[in-house]
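Report on the structure
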Amino acid sequence: MPFIIDLPPANLKKQITKIEHVQSNGDQMMPEIEYGSLKLDNDLFENLYLQDKFNSLVKLWEENTMFESFISNIIEEENFKKILELDKRAIPLIINKIDREPSVLVWALNIITGRSMGSTGRETIEQVCKKWVKAYREGRIQNV
Amino acid sequence: MINSEENRQKIIKAFQKLKNDNSFKIVDRANPNYNCIAWAANVTDCWWESLPKENRPFKGLDGVKRDWPFNVDDEFSLRTLTEIFTHLGYVICENGEYEKGYKKVAFYAKDGEAKHAARQLTSGKDAGVWSSKLGSSFLIHHGTAESIESKVYGEVALFMKKSML
């Protein structure tokens with residue numbers, strides 16, 4: 001029966017897997033092998049978990065608000081709120097998403113950072129998404 | 001292609017009555033620069049939704065301007081929609097049938113709450129066809145106002161019309 005492992009953000013100590021090839025001629029004492037436990041890259045698991053969680057939240061949010069007529073309902077939708085709860089960890093994920101597909105997801109950046117990229121107030125969503133992506137790539141947006 | 005079968009099916013899934021509407025057509029891509037209420041008033045650079053009077057227009061989010069015009073109350077309802085469109089020269093009318101020389105709008109409500117507005121086209125081969133902006137999503141044409149009655153937007157609650165003369 002298949003099982004699903006839900007990997008919460010791990011708090012494992014960073015460890016290293018050590019592999020040794022040992023040859024024995026029969027007479028020599030076997031060298032001691034350090035049987036360290038399997039060590040995992042903490043960052044890798046956290047990033048994978050975060051990306052997966054973010055993707056799920058965005059998909060659900062888009063489905064739930066696709067035909068929504070009111071901005072207040074779009075940004076108060078429960079999955080959008082969960083994206084906001086990811087706080088600054090979500091910034092690079094949002095940037096990648098709006099770089100590929102400009103959308104009102106950019107509003108999450110306004111709320112998380114408290115900043116705006118609209119200088120004239122007449123930019124379109126596509127234009128401000130490009131501004132955010134450019135600012136991030138130039139290191140002008142702090143994430144974590 | 002904007003009027004692709006994939007896009008059409010996404011919309012029909014939510015608005016089942018469009019399945020049998022021969023006039024149903026997606027005419028523009030998803031555009032978050034305006035919503036259905038603004039579109040019904042022929043405005044395409046602003047979201048019209050209720051806002052506190054001291055916050056109009058509101059530009060707190062990038063790429064979008066929000067407004068609630070004519071100093072109407074901070075309430076999204078059939079009452080305030082009627083008030084806004086009265087300011088625009090509309091009067092309440094009986095139905096959504098096309099009348100030459102008039103443009104019409106329809107308001108939708110679900111469980112007593114206003115949800116959506118659509119407008120009727122008046123020129124050329126599309127005269128009489130209805131047009132709806134689906135949130136930040138597609139702009140569509142549909143044959144009757146009733147074609148987009150659904151769990152999403154409820155039912156047509158009110159029609160208004162304005163003379164074009």
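Refer to the structure above for everything that follows.
Described in the following lines is the structure provided in the data block. Throughout, residues of each chain are indexed from 1 in the direction in which the sequence is written. For naming, the first written chain is A and the first written ligand is 1, with later ones following in the order written. Local features in this predicted model are restricted to residues of pLDDT 70 or higher, and side-chain atom pairs are both shown and tallied only at a pLDDT of 80 or more, whereas totals for entire chains, interfaces and linings draw on every residue.

Quick word on the sheet that holds strand β7 (residues 130–133) of chain B
Residues and elements named next belong to chain B. Note the threshold: In this description, strands pair whenever DSSP reports at least two bridges between them. Helix numbers and strand numbers start at the N terminus; a helix is a DSSP run of H or I with at least 4 residues, a strand a run of E with at least 2. Geometry is summarised by axes, namely lines fitted to C-alpha atoms with helices restricted to the contacting stretch, and by angles between N-to-C directions that run from 0 to 180 degrees.
The strand order across the open sheet formed by 7 strands is β1-β8-β7-β6-β5-β9-β4, and the pairing between neighbours is antiparallel. Because the sheet does not close on itself, it has two edges, and the strands there are β1 (25–28) and β4 (91–93). With strand direction ignored, the average angle separating the axes of adjacent strands in the sheet is 35 degrees. As paired strands, β7 and strand β8 (residues 139–142) are joined by 4 bridges and run antiparallel to one another. Within β8, the position partnered with Ser132 by the bridge is Ile140.

Examining the packing of helix α4 (residues 91–100) of chain A against helix α6 (residues 125–137) of chain A
All names here are of chain A. Basically, it comes down to this: Should an angle lie under 35 degrees it is considered roughly parallel, over 145 roughly antiparallel, and from 65 to 115 roughly perpendicular; all remaining angles are considered oblique. Here is the rule for handedness: rotate from the far helix to the near one, and if that takes an anticlockwise turn smaller than a right angle the crossing is left-handed, while a clockwise turn gives right-handed. Residues are treated as contacting if the C-beta atoms built from their backbones sit within 7 Å of each other. Just so you know the grouping, Ala, Val, Leu, Ile, Met, Phe, Trp, Tyr, Cys and Pro go in nonpolar, Asp, Glu, Lys and Arg go in charged, and all remaining residues, Gly too, go in polar.
Packing of α4 against α6 leaves a shortest axis separation of 9 Å and a crossing angle of 135 degrees. One way to sum up the angle between α4 and α6 is to call them oblique. The handedness of the crossing between α4 and α6 is left-handed. Contacts from Ile95, Ile98 and Asp99 in α4 reach Cys129, Trp132, Val133 and Tyr136 in α6. In terms of residue class, the contact of α4 with α6 is made up of 6 nonpolar, no polar and 1 charged.

Some points on α6(A)
All names here are of chain A. The line we're drawing: Helices are assigned an expected span. That span is 1.5 Å times one less than the residue count. Exposure in this text rests on C-beta crowding, where 20 or more other C-beta atoms within 10 Å of a residue's own make it buried, 12 or fewer make it exposed, and counts in between make it partly exposed. The C-beta atoms are placed from the backbone. In this description, one arc is meant: the one made by directions from the helix axis to the C-beta atoms.
A rise of 1.5 Å per residue sets the reference length of α6, with its 13 residues, at 18 Å; its end C-alpha atoms lie 18 Å apart and thus fit the reference within 8%. Where α6 is concerned, the buried positions are Ile125, Val128, Cys129, Trp132, Val133 and Tyr136. An end-on view of α6 places all buried positions within 140 degrees of arc, on one side of the element. Those residues of α6 that are buried are in contact with α4 and α5 (106–113). Gly139 lies just past α6 and shows a positive phi near 80 degrees.

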